[in-house]
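What follows is the residue order along each chain.
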Amino acid sequence: MSAVWSLGAGLLLLMLWVRHRGLEAVLVHHRWVFVCLFLLPLSILFDIYYQLRAWAVWRLHSAPRQHAQRVRHIQAQVRAWQSEGSGRYMCTGRPGWLTVSLRVGKYKKIHKNIMINLMDVLEVDSERKVVRVEPLVSMGQLTAHLNPMGWTIPVVPELDDLTVGGLIMGTGIESSSHIYGLFQHTCVAYELVLADGSLVRCSPTENSDLFYAVPWSCGTLGFLVAAEIKMIPAKKYVKIHYEPVRGLQKICEKFTEESKKKENSFVEGLVYSLEEAVIMTGVLTDEAEQSKINRIGNYYKPWFFKHVEKYLRADRTGTEYIPSRHYYHRHTRSIFWELQDIIPFGNNPIFRYLFGWMVPPKISLLKLTQGEAIRKLYEQHHVVQDMLVPMKSLEKSIQTFHVDLNVYPLWLCPFILPNNPGMVHPKGDEAELYVDIGAYGEPKRKQFEARASMRQMEKFVRSVHGFQMLYADCYMTREEFWDMFDGSLYHKLREQMNCKDAFPEVYDKICKAARH
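Quantities reported herein were computed from a predicted structural model and do not represent experimental measurements.

Calculation notes
Every chain is numbered independently, its residues counted from 1 as its sequence is written. For a predicted model such as this one, the threshold for reporting local features is a pLDDT of at least 70, and the threshold for listing and counting side-chain atom pairs is 80 or more; totals across whole chains, interfaces and linings nevertheless cover every residue. The side-chain values count all of the structure's non-hydrogen atoms but skip hydrogen atoms and water molecules. Pairing between strands is defined by DSSP: at least two bridges between them are needed. Think of it this way: any DSSP run of H or I at least four residues long counts as a helix, any run of E at least two long counts as a strand, and we number them from the N terminus. To define axes, lines are fitted to C-alpha atoms, for helices over the stretch in contact only, and angles between the resulting N-to-C directions are given on a 0 to 180 degree scale. Note on terminology: a nonpolar core comprises buried Ala, Val, Leu, Ile, Met, Phe, Trp, Tyr and Cys residues joined through side-chain atoms within 4.5 Å. Per-residue accessibility, obtained with a 1.4 Å probe over protein chains only, is compared with the maximum for each type, and a residue is labelled buried under 20%, exposed over 50%, and partly exposed between these values. An automatic or database domain assignment is the source of the domain bounds shown. Residue contacts are counted whenever heavy atoms from the two residues lie within 4.5 Å of one another. When two rings of Phe, Tyr or Trp (its six-membered ring) have centres within 6.5 Å they constitute a pair, described as stacked for plane angles under 30 degrees, edge-to-face for angles over 60, and tilted for the intermediate range. When the NZ atom of lysine or the CZ atom of arginine is within 6 Å of a ring's centre and also within 35 degrees of its normal, the charge is said to sit over that ring. UniProt positions are given in the numbering used here, feature names are shortened, and annotations may be inferred rather than shown by experiment. Surface patches are drawn from residues lacking salt bridges whose relative accessible area is over 30%; two like charges belong together within 9 Å, two nonpolar side chains (Val, Leu, Ile, Met, Phe, Trp, Tyr) within 5 Å. Surface accessibility follows the Shrake-Rupley procedure with a 1.4 Å probe radius. Residue values consider only the protein chains on display as shielding. A side-chain nitrogen of Lys or Arg and a carboxyl oxygen of Asp or Glu constitute a salt bridge if their distance falls within 4 Å.

Regarding the sheet that holds strand 3 (residues 121–125)
The five strands lie next to each other as 3-4-8-6-7, forming an open sheet whose pairing is antiparallel. Each of the sheet's edge strands pairs with one partner strand only, and the pair in question is strand 3 and strand 7 (199–202). Neighbour to neighbour, the strand axes of the sheet diverge by 15° on average, direction disregarded. When strand 6 (residues 187–193) meets strand 8 (residues 223–230), the two strands line up antiparallel, connected through six bridges. Within strand 8, the position partnered with Leu192 by the bridge is Leu224.

In structure tokens form, the structure reads like this:
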């Protein structure tokens, strides 16, 4: 009984404090209070629900049987939209707060919402080495399904909650991308419901124009209802080597050198300042030295980027064996390094041991509860951007990031970009090595102004024939946007498939200059 009284007294004091400070002030300046007391428990409940649902679907083998019925329901909604006069654009009915993108999808309030309840693994074809999935299957769900069978996918984008549909309609990358390319380059077929309600399958040999136009189109050519993704054999561990490097030129030379080595299963760099970085290379293996196994994904372990930084501060190299699934989701618990701005003491050993099992809070719940004050604060004083630039421009790019943003750490992830048709391809006729530079955090540049600084960054990226990931805020004009991206195939298909009255142009859907 005394424990109940203590809890009640604590809650009363908390409510009085919130009333005194004001709810908005608490949410803005002491957000960790709300996150720890409410969002972390809610996130656990979300995870339990989806895990139980996935288990039930697997046990009952209901996903393949119900898939066709669900697709027919989507087709019926599209045809109903046509019969209503096609007066509004269509979009998916998934609430904007459920997406990992930080943008606020206001268009969902005025467009015709098509409900797409497709979140299951449909088939694992071991002979073809292909897994067929629905668009709302998440990376955490997919690796949990495939790994016990001895399979994985070639590119496993980092965060658990990233979905197949978002990674195809947008893009996805991982430290294996120097071998396999972006997430879209590991897909062998898509199935879409088009603006006329028809169901179409596309691949490199079947409706190939549509196959190459779908990635980066952000759902403006049709509704994705299934995808087929390559599989590769899974191994138990990633043997990872950490190497601190100092001096910007040496950092770029070492990173480029390792990115060109196909014997490296994984290549990644964390840049902690303009002159300091740790370059990591990894190899898949089934054997491990027991004394060097690091189960970095366990809830009580240090956040991965902090663990890596120890090698830099100690100025020493090191080798570890990380269980494969822990490696694939190594940045998930700290949302790369974003969680340190939300829960400043989140990497403290006491917090990790007591509450680390609840981390991270769902990004979707953070979006849902952020409020207008926090949204504006993040928009003006926070950066979440991924810029894809040619590897030959890496040194110049890091210098530009330093001058315009001064955000650290920076994430470096190499990828091979094939010369396929579509919105994103190299300038020349052959595949080219690129690098994703990820900047996440509060800019330390004096007089940082979000719009002006990001427009300067976008101008630089266009000048080196790079690309901006479209999940983040984009400030380009329409002309600048189509200077960065190749819209020839995309616009041709929108004309041919009568998309102009059914879906907004991708620019109008994602760019700040076009959104209202």
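Focus: the nonpolar core
Judged by nonpolar contacts, the single largest core of 145 residues is most densely connected at Tyr190, Leu210, Phe481 and Phe485. Both domain 1 (63–233) and domain 2 (237–481) contribute no fewer than three residues apiece to this core. Apart from residues lying up to four places away in sequence, Phe481 is in contact with Met423, Leu470, Cys474, Met476, Val506, Tyr507, Ile510 and Cys511.

Re the environment of Trp337
For Trp337, the location among the structural elements is in the loop between helix 11 (324–328) and helix 12 (339–342). For the pair Trp337 and Lys306, spaced 31 residues apart in sequence, the C-alpha separation works out to 8.8 Å. Sequence-distant contacts of Trp337, that is, excluding residues within four places in its chain, are made with Leu270, Phe305, His331, Pro409, Leu410, Trp411 and Tyr440.

Some remarks on the packing of aromatic side chains
Two aromatic rings, taken as a pair, are described by how far apart their centres are and by the angle between their planes. By the definition in use, this model includes 24 aromatic pairs. Ring geometry for Phe223 against Phe503: centres 5.3 Å apart, planes inclined by 75°, an arrangement best described as edge-to-face. Residue Phe223 is located in strand 8, and its partner Phe503 is located in the loop between helix 19 (488–496) and helix 20 (506–510); the two are separated by 280 residues in the primary sequence. Judged by its relative accessible area of 0%, Phe503 falls in the buried class. Measuring from centroid to centroid gives 5.1 Å for Phe336 and Trp411, while their planes differ by 65°, and the two rings are edge-to-face. Here the residue Phe336 occupies a position in the loop between helix 11 and helix 12, and Trp411 occupies one in strand 15 (residues 410–417), the gap between them amounting to 75 residues. By the burial criterion, Phe336 is buried, and Trp411 matches it. Three or more aromatic residues joined by ring pairs form one cluster here, namely Trp216, Phe415, Tyr434, Phe467, Phe481, Trp482, Phe485, Tyr490 and Tyr507. The aromatic ring of Tyr327 is capped on one face by Arg330, whose charged end is 4.1 Å from the ring centroid.

Looking at the sheet that holds strand 17 (residues 467–468)
Taken together, eight strands build an open sheet; the order of strands is 13-10-12-11-15-16-14-17 and the sheet is antiparallel. Across the chains shown, the open sheet's two edge strands, defined by having one partner strand only, are strand 13 (318–323) and strand 17. Pairing between strand 11 (residues 266–273) and strand 12 (residues 276–285): seven bridges, direction antiparallel. Residue pairing in the sheet places Val271 in a bridge with Ala277 of strand 12. On the sheet, helix 16 (residues 394–404) packs against strand 14 (383–390), strand 15 and strand 16 (432–441) and is oriented at approximately 15° with respect to strand 16.

Examining the pairing of strand 13
Of all six residues in strand 13, five are buried; the element is thus mostly enclosed. With six bridges connecting them, strand 10 (residues 237–246) and strand 13 associate as antiparallel partners. Across the sheet, Lys239 pairs through a bridge with Tyr321, a residue of strand 13.

Comments concerning unusual backbone geometry
Cis geometry is adopted by the peptide bond preceding Pro360, which originates at Val359 and carries an omega value of 5°. Relative to the helices and strands, Pro360 is located in the loop between helix 13 (349–355) and helix 14 (363–368). Here Tyr408 and Pro409 are connected by a cis peptide whose omega angle stands at 0°. With respect to the helices and strands, the residue Pro409 is situated in the loop between helix 16 and strand 15. With a phi close to 45°, Ile335 is a non-glycine residue in the positive phi region. By the element assignment, Ile335 lies in the loop between helix 11 and helix 12. Its relative accessible area of 9% is what places Ile335 among the buried residues. In the Ramachandran plot, Asn498 falls in the positive-phi region, its phi being about 55° despite a non-glycine side chain.

Considering the pairing of strand 3
The pairing of strand 3 with strand 4 (residues 130–133) spans four bridges and is antiparallel. The residue bridging Asp125 from the neighbouring strand is Val130, located in strand 4. Joining the antiparallel neighbours strand 3 and strand 4 is a turn of four residues, in which Lys129 adopts a positive phi near 60°.

Considering the UniProt feature "transmembrane region" (unreviewed entry) in the chain
Those places that UniProt annotates as "transmembrane region" (unreviewed entry) correspond, in this numbering, to residues 32–50. For residues 32–50, the helix share is 100%, the strand share is 0%, and the end-to-end C-alpha distance is 25 Å.

As for a nonpolar patch on the surface
A surface patch of nonpolar side chains, about 370 Å² in accessible area, is lined by Leu42, Leu45, Ile48 and Leu52. If you trace the backbone, Leu52 turns up in helix 3 (residues 31–60). Using a relative accessible area of 54% as the deciding quantity, one classes Leu52 as exposed.

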